[in-house]
Amino acid sequence: MTVRSVLFIPGDSEKKLARADDFAADAIVLDLEDSVAPARKALARQLVREFLDARPGERKSRLWIRVNPLGHPEMLQDLVATIGGAPDCLMQPKANGPGDVLALSHYLDVLEAREGLPAGAIRIHSIATETPAAMFTLGDYAKARLPRLVSMNWGAEDLSSAIGASGNKGPDGDWDFPYQVVRTQFLFAAHAAGVQAIDTLYADYRDEAGLRRSCDLARRQGFTGRIAIHPAQVDIINESFSPSPEDVAEARRIIAAFAAAPDAGTVGIDGRMYDIPHLNQAKHVLAMHEAHNHG
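(A) Looking closely at the overall build of the protein chain. Scanning the protein chain from N- to C-terminus turns up ten helices and ten strands. For 295 residues, the compact-globule estimate of 2.2 N^0.38 gives 19 Å, and the C-alpha radius of gyration of the protein chain, at 20 Å, lies within 12% of that figure. Across its three principal axes, the protein chain shows a C-alpha extent of roughly 65 × 50 × 40 Å. Within the span of the protein chain, comprising 295 residues, buried residues form 47% of the whole. Pairs at least 24 apart in sequence give 69% of the contacts found in the protein chain among residues at least 6 apart.

Right, here's the structure in full:
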């Protein structure tokens, strides 16, 4: 099932972890990386493992862990301490390319066997644009064999810091040109790899109208979900990345029209012609609707 909203919770915050079940995010990321100070990472691992152990089996939201980057001295400790809690997915930050995803997959192969978990049960989400080197490997995801990889997102904050930029947006609030390029390349790379393309965060969580406009644009462009940095953003993100009643009604009409003419490559509805790409998109819309509305 696709995820629309991906909400971060610092792994060392007992207060926020205690409220996690109240949030409507499709995926909750228990963060062990940037939101946790170095001196508190061991505590964060302990709290995250306890949180997972208290929620075995079916969960209200999918529970992800953002581990530290490959090669970071804390990364292996993150894995060893938490994988036994059976997270649904690991979010891999600062990935330089599919080689990093493959390396993390190999670690998971071993740890799943150690913990008695089904092979391949834990999936991987790649944060694919946080290093300069990553810009030159985005196209390689489409050629790599990464069965654990289910989704990716792009981000600008770590990337702009990595290149010493003084900012990543212009006075009008739009992304500067280098980051427009990154966003566009990422969008096509994710789709070429056959995984979800998740848009980056919208920083001003008080600007509901701005978030809605930005999400509507992202969905029209081909993104299927968004990072949330505050619980107040989750409902808007979920709504924006869900098909509207009008979308669902149109999709059902298109599917019904093709079902009534099984040998046709095109059908006409109210004076407009629809072909096979429209049928495929209609099926996608209906599948998303049913996934998040239980039919």
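(B) Just the side chain of Ser214, in detail. Positionally, Ser214 belongs in helix α7 (residues 208-221). Relative accessible area serves as the criterion here: at 19%, Ser214 is assigned to the buried category. Apart from the residues lying within four places of it in its own chain, the contact partners of Ser214 are Tyr202 and Arg226.

(C) Fine view of the packing of helix α3 (residues 75-82) against helix α4 (residues 98-115). Two elements in contact, α3 and α4, have axes whose closest approach is 10 Å; the angle formed by their N-to-C orientations is 30°. If you check the angle between α3 and α4, you find them roughly parallel. For the crossing formed where α3 meets α4, the hand is right-handed. Packed against α3, whose contacting residues are Met75, Leu76, Leu79 and Val80, the element α4 presents Leu104, Tyr107, Leu111 and Arg114 at the interface.

(D) Molecular detail of the side chain of Ser160. Relative to the helices and strands, Ser160 is located in helix α5 (residues 157-162). With a relative accessible area of 7%, Ser160 lands in the buried category. A distance of 3.0 Å separates the side chain of Ser160 from the backbone oxygen of Glu157, its partner in a polar contact. The contact partners of Ser160, leaving out residues within four places of it in the chain, are Ala165, Asn168 and Tyr179.

(E) View of unusual backbone geometry. One non-glycine residue with positive phi stands out, namely Ala86, at about 55°. Its location among the elements puts Ala86 in the loop between α3 and β4 (89-92). Judged by its relative accessible area of 27%, Ala86 is partly exposed. Positive phi is not limited to glycine here, since Lys94 has a value of about 50°.

(F) Seen up close, helix α9 (residues 245-260). Taking 1.5 Å per residue as the helical rise, α9 with its 16 residues ought to reach 22 Å, and the 23 Å between its terminal C-alpha atoms agrees with that figure. For α9, every residue scored as buried is listed here: Val248, Ala251, Ile254, Ala257 and Phe258. Where α9 is buried, its residues meet β9 (266-269), β10 (272-275) and α10 (276-293).

Reading the values: rules and limits
Throughout this document, residue positions are counted from 1 along each chain, in the order its sequence is written. Given that this is a predicted model, residues contribute local features only at a pLDDT of at least 70 and side-chain atom pairs are listed and counted only at 80 or more, while totals for whole chains, interfaces and linings are drawn from all residues. Based on all heavy atoms of the structure, the side-chain values leave hydrogens and waters out of the count. The helix count covers DSSP runs of H or I at least four residues long, the strand count covers runs of E at least two residues long, and both are numbered beginning at the N terminus. Only the C-alpha atoms count toward the radius of gyration. The rule for a globule is 2.2 Å times the residue count to the power 0.38. Exposure categories follow from relative accessible area, calculated using a 1.4 Å probe and restricted to protein chains: below 20% of the type maximum is buried, above 50% is exposed, and the middle band is partly exposed. Residues are treated as being in contact if the distance between any of their heavy atoms lies within 4.5 Å. The axes used here are C-alpha line fits, helices contributing only the stretch in contact, and every angle between their N-to-C directions lies in the interval 0 to 180 degrees. In this scheme, roughly parallel covers angles under 35 degrees and roughly antiparallel covers those over 145, while 65 to 115 is roughly perpendicular and the rest are oblique. In this scheme the handedness of a crossing depends on how the near helix is turned from the far one: anticlockwise by less than a right angle means left-handed, clockwise means right-handed. Nitrogen and oxygen atoms within 3.5 Å of one another constitute a polar contact, given that in protein one can donate a hydrogen and the other can accept it, and given that sequence-neighbouring residues count only through two side-chain atoms. For a helix, the expected span equals 1.5 Å multiplied by the residue count minus one.

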